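So you can see what is in the structure, the chains are spelled out below.
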Amino acid sequence: MPGIVKSLVRNRAFLLLVLPGAIWFIIFAYLPMFGTIVAFKDFRIHPDGFFASVFNSEWVGLKNFEFLFSTNDAYIITRNTILYNLALIFLGLVCAVGFAIVMNELLNKRLTKVYQTAMFMPYFLSWVIISYFVLIFLNMEKGVFNQILAYFGADSVNWYSEPKYWPYILIFMGIWKNIGYGSVVYLAAIAGIDRSYYEAAMIDGASKWQQIKYITLPQLKPLMIILTVLALGGIFRSDFGLFFQVTKNSGALYPVTDVIDTFVYRGLTVMGDTGMSTATGLYQSVVGLILVLTANYAVRKIEKEYAVF
């Protein structure tokens with residue numbers, strides 16, 4: 001015990017720096033874990049408050065989970081969550097790396113900064129704002145796309161009632177918003193590559209594509225693998241704003257746009273089924289924990305293999 005006290009005193013400056021983040025996690029991440037008990041209860045509101053509601057609600061065991069998995073909803077939201085995240089992770093990786101390479105190859109550095117700023121700006125925009133930009137293009141009556149279709153004599157499309165278009169729209173919007181932020185890491189990594197490799201390659205007559213293929217991409221490979229594996233660890237978490245705000249929560253689109261996060265939110269606000277919503281959130285958290293632990297194990301293996309750090 002004295003050793004622990006001495007260690008705390010010696011590292012008090014660092015602990016004070018960590019304190020705000022630790023308090024945030026305790027309040028918003030650890031204390032709410034008590035609420036997972038609701039997943040095993042038939043939750044009913046009690047006039048004496050939340051704790052009275054929890055303690056006075058009847059235990060139902062795994063019935064909330066049984067109800068969730070006995071419907072087709074569990075399959076739909078799990079499928080959508082995984083497939084969308086896989087598409088966003090791998091297509092986002094390709095686009096981010098490609099954009100970083102293109103920015104690095106531009107000779108006009110001032111122009112490079114302009115392009116990079118333009119690509120970075122969407123990351124700071126709220127999905128609420130972006131959803132109205134999307135509405136400008138997809139509005140049934142005066143949307144840009146329908147105006148173009150009308151110009152060529154085609155029928156207008158009610159985009160918010162046609163599920164078949166939305167997987168492409170959502171993936172495009174997700175990549176568009178995050179490509180600038182994702183490319184920054186790779187651009188910094190490219191800047192750190194020893195320029196003598198490129199000079200030797202140019203002396204040997206290597207083209208730009210050969211330099212990228214045999215120097216840039218192999219040097220980025222460890223970073224690409226680590227970031228991808230870490231992203232896979234959060235594959236059960238979706239960008240709520242993308243799937244809720246951009247789609248305007250249209251019921252006709254649920255088969256292709258409903259993910260775990262939107263299902264939980266709607267279960268609480270619309271259906272009022274607190275027990276099933278909590279069960280869904282617990283299911284998401286448990287699977288997410290397993291994936292995060294697996295990702296951490298994989299990253300440690302990769303770090304040892306490539307000796308990145």
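Residues numbered from 1 in each chain as written. Predicted model: local features only at pLDDT ≥ 70, side-chain atom pairs only at ≥ 80, totals over all residues. Heavy atoms only, no water.

## So, the overall build of the protein
Here is the rule we go by: Numbering of helices and strands starts at the N terminus; helices are DSSP runs of H or I of at least 4 residues and strands are runs of E of at least 2. Both definitions apply: the radius of gyration is a C-alpha atom measure, and the globule rule equals 2.2 Å times residues to the power 0.38. Each residue's exposure class comes from its accessible area (1.4 Å probe, protein chains only) as a fraction of the maximum for that residue type: buried when under 20%, exposed when over 50%, partly exposed otherwise. Two residues qualify as a contact provided that any one of their heavy atoms is within 4.5 Å of a heavy atom in the partner residue.
The number of helices and strands found in the protein is 15 helices and two strands. For the protein, the C-alpha radius of gyration of 25 Å lies well beyond 19 Å, the compact-globule estimate for 309 residues. Going through the 309 residues of the protein one by one, you find that 35% of them count as buried. For the protein, restricting intrachain contacts to residue pairs at least 6 apart in sequence, the fraction spanning at least 24 positions comes to 66%.

## A word on the confidence of the model for the protein
Stated formally: Every residue carries a pLDDT, the predictor's confidence in it, which falls somewhere between 0 and 100.
Confidence in the prediction for the protein averages 84 pLDDT; 97% of positions are at 70 or higher. Taken element by element, the protein is modelled with least confidence in helix H1 (residues 2-10), mean pLDDT 76, and with most confidence in helix H7 (residues 127-138), mean pLDDT 91.

## Some remarks on the layout of surface pockets
Just so we agree on the cut-off: Put simply, the grid is 1 Å and covers the protein atoms alone, a cavity is a trapped set of points that fit a 1.4 Å probe, a pocket is an open set with protein on both sides within 12 Å along at least five of seven lines, and lining residues have an atom within 4 Å of a point. Grid points are joined across faces, edges and corners, and a volume is the space filled by probe spheres set on the points. When residues are grouped by polarity, Ala, Val, Leu, Ile, Met, Phe, Trp, Tyr, Cys and Pro land in nonpolar, Asp, Glu, Lys and Arg in charged, and all others, Gly among them, in polar.
Approximately 850 Å³ is the volume attributed to the largest pocket. Forming the walls of the largest pocket are 26 residues, and the residues nearest its centre are Leu88, Ile89, Asn178, Tyr181 and Ala231. At the level of secondary structure, the elements contributing two or more residues to the lining of the largest pocket comprise helix H5 (73-105), helix H9 (166-191) and helix H11 (208-233). Across the lining of the largest pocket, the residue classes tally to 15 nonpolar, eight polar and three charged. As a volume, the second largest pocket reaches approximately 730 Å³. As for the second largest pocket, its lining consists of 24 residues, of which Ala29, Met33, Arg237, Gly281 and Ser285 are closest to the centre. Within the residue set of the lining of the second largest pocket, elements represented by two or more residues are helix H2 (12-30), helix H14 (260-271) and helix H15 (274-306).

## A few points about the packing of aromatic side chains
Going by this rule: Pairing of aromatic side chains requires ring centres within 6.5 Å, counting the rings of Phe and Tyr and the six-membered ring of Trp. Pairs whose planes differ by under 30 degrees are stacked, by over 60 edge-to-face, and all others tilted.
Taken as a whole and assessed by the stated rule, the structure comprises 19 aromatic pairs. Judged by centre distance (5.5 Å) and plane angle (40°), the rings of Phe40 and Phe65 are tilted. Highlighted residues: Phe40 in the loop between H2 and strand S1 (41-42) and Phe65 in helix H4 (residues 63-70), separated in sequence by 25 residues. Plain terms: the ring middles of Phe120 and Tyr181 are 6.2 Å apart, the flat faces sit at 50° to each other, and that makes the pair tilted. With Phe120 in helix H6 (residues 109-120) and Tyr181 in helix H9, the pair connects residues that are 61 residues apart, well separated along the chain. Judged by relative accessible area, which is 44%, Tyr181 ranks as partly exposed.

## A closer look at the environment of Phe28
Within the element layout of this structure, Phe28 appears in helix H2. Judged by relative accessible area, which is 54%, Phe28 ranks as exposed. Taking the C-alpha atoms as reference, Phe28 lies 35 Å from Pro163; in sequence the two are 135 residues apart.

## Observations concerning unusual backbone geometry
At Lys248, a position not held by glycine, the phi torsion is positive, near 60°. Assignment of secondary structure puts Lys248 in the loop between helix H12 (240-244) and helix H13 (254-257). In the Ramachandran plot, Asn249 falls in the positive-phi region, its phi being about 50° despite a non-glycine side chain. Relative to the assigned elements, Asn249 resides in the loop between H12 and H13. Assessed through its relative accessible area of 27%, Asn249 is described here as partly exposed.

## Structural notes on empty space enclosed by the protein
For the structure shown, the criterion picks out one cavity of 30 Å³ or more. The volume enclosed by the largest cavity comes to roughly 40 Å³. If you list the elements that add at least two residues to the lining of the largest cavity, you get H13 and H14. Classifying every residue of the lining of the largest cavity gives two nonpolar, four polar and two charged.

## Comments concerning the pattern of salt bridges
A pair can form between side chains of opposite charge whenever their charged atoms are brought close. Operational definition: Salt-bridge detection follows one rule: a side-chain nitrogen of Lys or Arg within 4 Å of a carboxyl oxygen of Asp or Glu.
Enumeration according to the criterion identifies three salt bridges in this entry. The closest approach of N and O atoms between Arg44 and Asp42, which form a salt bridge, is 2.9 Å. On the basis of relative accessible area, Arg44 is assigned to the exposed category, the value being 53%. A salt bridge links Lys208 to Glu105; the nearest nitrogen and oxygen atoms lie 3.0 Å apart. Of this pair, Lys208 sits in helix H11 while Glu105 is found in helix H5, placing the two residues 103 residues apart along the sequence.

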